[in-house]
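These are the residues of each chain, in order.
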Amino acid sequence: MSRTEQAAAAFTKLYDGAPDGIWAAPGRVNLIGEHTDYNDGFALPIALPQTTLLAARTRTDGRLLLHSAQGDGRITELAVADLAPGAVPGWAAYPAGVVWALAEAGHPVGGADLHFDSRVPTGAGLSSSAALECAVAVAYDELYGLRLPGPELARIAQRAENAFAGVPCGIMDQMASVCCTTGAALHLDARTPELHRQVPLDLPGQGLVLLVIDTRVSHDLGDGAYAALRAGCERAAGLLGLRALRDLPAGNLAGALDELPAELVPLVRHVVTENGRVAEAVARLREGDAAALGPILTAGHASLRDDYRVSCPETDLAVTAALEAGALGARMTGGGFGGSVIALVEAGREDAVGGAVTAAFGAAGHRLPRLLTATPAAGARRLEL
Ligand code: ADP
Ligand code: MG
């Protein structure tokens, strides 16, 4: 049985009848452009082949039933009319939040029976939360005949995560999950997501492999630290008289840093140089030189480690060990404080690099990492049954 058939069969058993359809939404890794989206800046994610499947069927009684193969086995039952921020605990807040955000935006949505089955590792910085949200967004878009453009679905999903689940993320994860395409990275302008561009990226054709190293650590300080960093960036933009840090040209960086209190200097330096690294990465990819991403990734990691200070011993060790084993470049990806590291390696070297990172983790007494390889895959879509 295929995964799609399995999801349909599980749905039928749970809800007594076939689903109206099956949708899939991917996790993502961001190649470069970290902590830039909430500064109205730029990023360059790819969708992972790993997806969250959603089997769904509309209901006419305004009830919303949710079940996950990765959950506790129970069906969560809610009423769409009663959805409110903070009212839904646990994982169900992410998908229920999307229904709430659609209704809040004035779209004519009602209830549904939903069953999720995900292959996106959770809590690994690979955006399983966005995959969950975006699966609901695309399924509701079709089931309720909304026909919203991708960036609008991404905004709805981000609103669910921010306002309903209470996580203050930017829009990159949701844009990646909805708008990525096979064989391309997504050049995202977070101020105007409608202006995103697909940048062709043929890793196998260039003799390259993107190794994803899930460090399996997630430091709890993450959430509060993320909000504090975000607030620091907004304060710096305010002091500089800018709408957002995206509006600070790289040529004006040195002068701007002289005007800022010391604690904001490294934050601003990271954001401005990171936006520059995205532009550089896009230029190299447009020239057909994906290997040139290597040093850009490594420079991005140094900036996150030394200036933004969101790396941790495990992500730093994974980067160092990968580089020592011959990776062309490596960096933490995602918000930080754990999660995953990406390493760009020449095809055929991935086992050596992965083995070296695993050995280094063993020697340091860390839990061993999980390894996968990523090629740019498709964004959220309906699957044929
Ligand atoms: P990430 O998005 O990097 O995986 P998050 O902390 O943002 O990490 O989101 C992880 C959370 O998303 C999980 O703790 C869980 O609440 C929820 N989640 C993601 N996928 C699923 C799933 N298939 N079933 C149930 N909950 C899920
Ligand atoms: Mg997430």
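Note that the structure is a prediction, hence the values are computed from the model and not measured.

What counts, and at which threshold
Residues numbered from 1 in each chain as written. Chains lettered and ligands numbered in written order. Predicted model: local features only at pLDDT ≥ 70, side-chain atom pairs only at ≥ 80, totals over all residues. Pairing = 2+ DSSP bridges. Helix = DSSP H or I, 4+ residues; strand = E, 2+ residues; numbered from the N terminus. Axes fitted to C-alpha atoms, helices over the stretch in contact; angles between N-to-C directions. Contact = placed C-beta atoms within 7 Å. Near = placed C-beta within 6 Å. Nonpolar A, V, L, I, M, F, W, Y, C, P; charged D, E, K, R; others polar. pLDDT = per-residue confidence, 0-100. Parallel < 35°, antiparallel > 145°, perpendicular 65-115°, else oblique. Left-handed = near helix turned anticlockwise from the far one by under 90°. Domains from an automatic or database assignment. Core = buried A, V, L, I, M, F, W, Y, C linked by C-beta atoms within 7 Å. Buried ≥ 20, exposed ≤ 12 C-beta atoms within 10 Å, placed from the backbone. Expected span 1.5 Å × (residues − 1).

S.K.: Just to check I follow, could you spell out the sheet that holds strand S10 (residues 329–333) for this structure?
M.R.: Each strand in a sheet pairs with its neighbour through backbone hydrogen bonds, running either in the same direction (parallel) or in the opposite one (antiparallel). Reading across from one edge, S10-S11-S9-S12 is the order of the four strands in this open sheet, with antiparallel pairing throughout. Every interior strand has two partners, whereas the edge strands, S10 and strand S12 (370–374), have only one. On average, adjacent strands in this sheet sit at an angle of 25° to one another, irrespective of strand direction. Where strand S9 (residues 208–218) meets strand S11 (residues 338–346), eight bridges bridge the pair, whose relative direction is antiparallel. Bridging across to S11, Leu 210 finds its partner in Leu 344. Here helix H9 (residues 293–308) sits on the sheet in contact with S10 and S11, set at roughly 45° to S10.

S.K.: I'm lost on the site of ligand 1 in this one. Help?
M.R.: What surrounds ligand 1 is a group of 17 residues, the closest being Ser 68, Trp 91, Ser 118, Ser 128 and Ser 129. When contributions to the shell around ligand 1 are tallied by element, the ones reaching two or more residues are strand S6 (111–118) and helix H3 (128–143). With three residues, H3 is the largest single contributor of residues to the shell around ligand 1. Looking at the shell around ligand 1 residue by residue, the classes come out as six nonpolar, 11 polar and no charged.

S.K.: Would you mind showing me how to read the confidence of the model for the protein here?
M.R.: Note: predicted coordinates in regions of low pLDDT should not be interpreted at a detailed level. Mean pLDDT over the protein works out to 97, with 99% of the residues at or above the 70 mark. Interface confidence for the predicted complex, expressed as ipTM, amounts to 0.99; the pTM equals 0.97.

S.K.: How do you make sense of the sheet that holds strand S1 (residues 21–30) when you look at a structure like this?
M.R.: Judged by pairing direction, the sheet is mixed, and its six strands sit side by side in the order S5-S4-S6-S3-S1-S13 without closing on themselves. Each of the sheet's edge strands pairs with one partner strand only, and the pair in question is strand S5 (76–79) and strand S13 (381–383). Looking at each pair of strands side by side, their axes are set apart by 30° on average, direction ignored. Inspection of the sheet shows strand S4 (residues 63–68) paired to S5 by four bridges, in the antiparallel sense. Bridge pairing in S5 places Leu 66 opposite Thr 76. Each of S1, strand S3 (45–59), S4, S6 and S13 touches helix H1 (residues 3–15); the most contacted strand, S6, lies at about 135° to it. Against the sheet, helix H2 (residues 93–104) contacts S4, S5 and S6, and its axis sits at roughly 150° relative to S4.

S.K.: What exactly am I supposed to notice about unusual backbone geometry here?
M.R.: Among all residues except glycine, the phi angle is most often negative; among peptide bonds, the trans geometry is most common. Positive phi, close to 60°, is recorded for Asp 16, a residue that is not glycine. Along the chain, Asp 16 falls in the loop between H1 and S1. With phi around 55°, Arg 147 is a residue other than glycine that occupies positive phi space. In this fold, Arg 147 is placed in the loop between H3 and helix H4 (150–164).

S.K.: What should I look at first to understand the packing of H2 against H4 in this one?
M.R.: Two quantities define a packed helix pair, namely the angle between the axes and the distance from one axis to the other. With their axes 8 Å apart at the nearest point, H2 and H4 run at an angle of 115° to one another. Between H2 and H4, the angle is such that the two are roughly perpendicular. The chirality of how H2 crosses H4 is right-handed. For the pair H2 and H4, contact is made by Ala 93, Tyr 94, Gly 97, Val 98, Trp 100, Ala 101 and Leu 102 and by Ile 156, Ala 157, Arg 159, Ala 160, Glu 161 and Phe 164, respectively. Among the residues forming the contact of H2 with H4, the class breakdown is 10 nonpolar, one polar and two charged.

S.K.: Looking at this model, I keep getting lost on the domain arrangement of the protein. Mind explaining?
M.R.: It is common to give the size of an interface as the accessible area that goes away when the parts come together. Assigned domains within the protein: domain 1 (3–200 + 377–383) and domain 2 (204–374). In this structure, domain 1 and domain 2 have C-alpha centres spaced 25 Å apart. At the junction of the two partners, domain 1 supplies 27 residues and domain 2 supplies 36 residues. Contributions of two or more residues to the side of domain 1 that touches domain 2 are made by S1, strand S2 (42–43), S3 and strand S7 (184–189). For the side of domain 1 that touches domain 2, a count of residues per class yields 15 nonpolar, nine polar and three charged.

S.K.: What is the right way to read the nonpolar core from this model?
M.R.: Proteins that are soluble and globular tend to have nonpolar side chains buried together. Core analysis: the largest hydrophobic core is formed by 122 residues, its most contacted members being Leu 54, Cys 134, Ala 135 and Ala 343. Looking at this core element by element, the count peaks at 10 residues for H3. Discounting residues that sit within four places of it in the chain, Ala 343 has contacts with Leu 211, Ile 213, Ala 322, Ala 327, Ala 330 and Val 353.

S.K.: Could you clarify how one ought to interpret H3 in this entry?
M.R.: An α-helix turns once every 3.6 residues. As a result, residues three or four positions apart point the same way. Between its first and last C-alpha, H3 extends 22 Å over 16 residues, near the 22 Å set by a 1.5 Å rise per residue. Gly 145, located one to two residues past H3, shows a positive phi value of around 60°.

S.K.: Looking at this structure, how should I read the packing of helix H10 (residues 313–324) against helix H11 (residues 350–364)?
M.R.: Close contact between H10 and H11 brings their axes to 8 Å; oriented N to C, the two are set at 135°. With respect to their mutual orientation, H10 and H11 come out oblique. Here H10 and H11 pass one another in a crossing that is right-handed. Across from Leu 317, Ala 318, Ala 321, Ala 322 and Glu 324 in H10, the residues of H11 making contact are Val 353, Ala 356, Val 357, Ala 360, Phe 361 and Ala 364.

S.K.: What should I look at first to understand the pairing of S7 in this one?
M.R.: Successive residues of a regular strand alternate their side chains across the two faces of the sheet. Sheet topology places S2 next to S7; two bridges connect them, and they run antiparallel. In the strand pairing of S7, Ala 43 is matched with Leu 188. Note: S7 against strand S8 (residues 197–200), four bridges, orientation antiparallel. By the bridge assignment, Ala 185 is partnered in S8 with Val 199.

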